[in-house]
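If you want the building blocks of each chain, they are given just below.
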Amino acid sequence: MAMMSVMWMWLFGMGGWFGAAPGTAVSDAARQALVQRFATEAAFLETGGDLYVIRDLDGHLEATLNGVAGMATVMGPGASADAQAFAGKIAPFCERNGLFAVRSVGVSTVPRPDGLRSLRAFVMRDAAAAELPFWRGTLGGAPGPGSLLAYLPADTVLASQAAGEPAALWRMIRSGMLDFACGGDEAQLKVRLAEASRDLGADIDALFASFSGEWVFSLQLAESATTQIPGPAGMLSISTPSFLIAARASDDTALLALVHAMSRRGGQVTTSQVEGLAVHMLAQPLPGPLPLQPAVAFDGNTVLFAGSPAAVGAAVRARRDGGGLTASKAYAEVFGKLPRDSNARFFCDARFAKTLNQVRAQLDEAKGGLGNPMAAFTQLLGPPLPEASSGWVAVNGPDGIRLQGTGTGMVARQLAGIGGMNPALLAGIALPSFFRARQTAQRNACINNLRQIDLVKQQWAQEKNAAAGATPTAQDISPYLKGGFENLRCPQGGTYQVNPLGQRPTCSIPGHRLQ
């Protein structure tokens, strides 16, 4: 009861009701809705632990956007106009994709004898928003058993599975690119997507459309084989690592894109038969201390991307013969009492925690006094982990997402911390970083345009046998540019000068300069 009293005080005291300024009248219907949200959150959470937070977020993101607009006034005239334009676009973007649909967040953790915590979290949202791109893209629709988990071999120590729909997430990202990166210019978006498709070796729209809605990322540590990796206090012996990523796909578009990426960045790609599958792999392992030889295969309706051809084979055998991670005692102990069907699932084996603690112990021995870079690195790793297996599931229901399981409590504390931050503070933290990142991306895109102009100037000069110092016009070099000169646009609205031969092309925006 004391805990409940504290939560009621937080909800209704200290600065007024959430979403309303102090002294603002709140309707009976709104107050009743708040009480109902609190009761629903409380019914799912656990009491008697070391963390219990229920935070109403109705209108929170909208208030954050108001904070963004307010922060613009202290960032100078140029940034102010940019910030206000950004704020005007982001609200409709969030609304149509479902980001305004969150109504409250509840989090609880209860310590356990093994050093872990029992975790519970509930993100409540509008039922109608479940079909919007953000929610479909990240968590998918109805909960399911996570059939891709069958591919994980028994030596898997870390696994993250989700049933999100990449096509829905891509629709949201694509519309965000159009609004924020291309200023609503469909032609500019088309050019950028074409460039991305060339880099990927596959049409980017077709790539996202090919994924069918479930993926899993995992890390494996060999039971007996070890690998020596350099550490600050000498060589460190760890169980030989590998990785496996599996994704449902309707065709081999993703496989072809991965083969293209391997050939561009890793060298020659060869093909061999492994467990009845055509496995495409780098001809030689990657340089470095870890024995990685990336390989990719297409198994029916699943793309498998792994750290070695042997890892692909282990995945196929686990799916075909059983005996993989899901059949292990550790997995059964973690998930035995949790919902069988879910939209996301995370597992961490005790062996992973033990290995990480071994690495941390050696860094501790080598870090020396204050100011040593090893000291900062061990702080980044955090305290030693409990050497016990843990995991959680997230279930997407009509009224929101319920997460439950075991862990260190970090996820729960992050949810509680974000939910409790002041919107204006969030804006103050995020806004400067956003504009720096955005301006850097715009500058790089413009410099890439200048580089293309400079290249085709030389082509024009060679074909026309132009004299030194001759100045081609935009019309002169337009035929040498895919899409023509008119499709080269500075993202910040600058204008391009072609300039005479021997001089770099320039942009009117300061800092947009070809070195």
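These lines cover the structure that appears in this document, whether it is placed above or below. Note that the structure is predicted; figures quoted are calculated from it, not measured.

For the rest of this paragraph, the subject is helix H7 (residues 186-200). Here H7 spans 21 Å end to end across 15 residues, near enough to the 21 Å set by a 1.5 Å rise per residue. All buried positions along H7 are accounted for by Gln188, Leu189, Leu193 and Ser197. Buried residues along H7 sit in contact with helix H6 (166-181) and helix H8 (204-210). For H7, the side-chain oxygen to backbone nitrogen distance between the N-cap and Ala187 is 2.9 Å, and the N-cap itself is Asp185. Just beyond H7, the residue with positive phi is Gly201, at close to 80°.

With that out of the way, let us pick up the side chain of Asn449. One can find Asn449 in helix H15 (residues 423-464). Accessibility expressed as a relative area gives 8% for Asn449, which makes it buried. A polar atom in the side chain of Asn449 sits 3.0 Å from the side chain of Tyr496. The contacts of Asn449, once residues within four sequence positions are left out, are Leu488, Arg489, Cys490 and Tyr496.

Attention shifts here to the pairing of strand E7 (residues 269-274). Of the strand pairs in this sheet, E7 and strand E8 (residues 277-282) are connected by six bridges, and their pairing is antiparallel. Looking across to E8, one finds that Val269 is bridged to Leu282. As consecutive antiparallel partners, E7 and E8 are separated by two residues, and within that stretch Glu275 has a phi angle of approximately 50°, a positive value.

With 28 residues, the main nonpolar core has Leu152, Leu244, Val279, Leu304, Val312, Phe335 and Phe347 as its most contacted residues. Secondary-structure elements contributing two or more residues to this core are strand E6 (234-249), E8, strand E9 (295-299), strand E10 (302-306), helix H10 (309-321) and helix H11 (329-335). Not counting residues within four places of it along the chain, the set of residues in contact with Leu244 comprises Tyr151, Leu152, Pro153, Val216, Phe217, Ser218, Gln220, Leu304, Phe305, Ala306 and Ala315. Of all hydrophobic cores here, the second largest spans 19 residues; its members include Leu51, Val53, Val123 and Ala344.

All right, on to the pattern of salt bridges then. Scanning the entire structure with this criterion turns up 20 salt bridges. Among the salt bridges present, the one from Arg117 reaches Asp50, with a minimum N-O distance of 2.7 Å. Highlighted residues: Arg117 in strand E3 (residues 117-125) and Asp50 in the loop between helix H2 (28-44) and strand E1 (51-56), separated in sequence by 67 residues. With relative accessibility at 41%, the residue Asp50 sits in the partly exposed group. Put simply, Glu165 and Arg136 hold a salt bridge, and the shortest N to O gap is 2.5 Å. Linking Glu165 in the loop between strand E4 (156-162) and H6 with Arg136 in helix H5 (residues 133-139), this pair joins segments that are 29 residues apart in sequence. Ionic contacts of the salt-bridge type, sharing partners, join the residues Arg37, Asp56, Asp58, Arg103 and Asp126 into one network.

Quick notes on the rules
Counting of residues starts from 1 at the beginning of each chain's written sequence and follows it residue by residue. Reporting in this predicted model follows two pLDDT cut-offs: at least 70 for local features of residues, and 80 or more for side-chain atom pairs to be given and counted; totals over whole chains, interfaces and linings ignore these cut-offs and use all residues. Processing note: side-chain calculations cover all non-hydrogen atoms of the structure and skip hydrogens and water entirely. Numbered from the N terminus, helices here are DSSP runs of H or I no shorter than four residues, and strands are runs of E no shorter than two. A helix's residues, less one, multiplied by 1.5 Å, set its expected span. Burial classes: relative accessible area under 20% of the type maximum marks a residue as buried, over 50% as exposed, and values in between as partly exposed (1.4 Å probe, protein chains only). We call two residues in contact whenever any of their non-hydrogen atoms come within 4.5 Å of each other. Each polar contact in these results corresponds to two N or O atoms within 3.5 Å; when the atoms are within protein, one needs to be able to donate a hydrogen and the other to accept it, and residues that are neighboring in sequence are counted only if both atoms are side-chain atoms. Strand pairing is defined by DSSP finding a minimum of two bridges between the two strands. To qualify as a nonpolar core, a set must consist of buried Ala, Val, Leu, Ile, Met, Phe, Trp, Tyr and Cys residues joined through side-chain atoms within 4.5 Å. Any Lys or Arg side-chain nitrogen located within 4 Å of an Asp or Glu carboxyl oxygen qualifies as a salt bridge.

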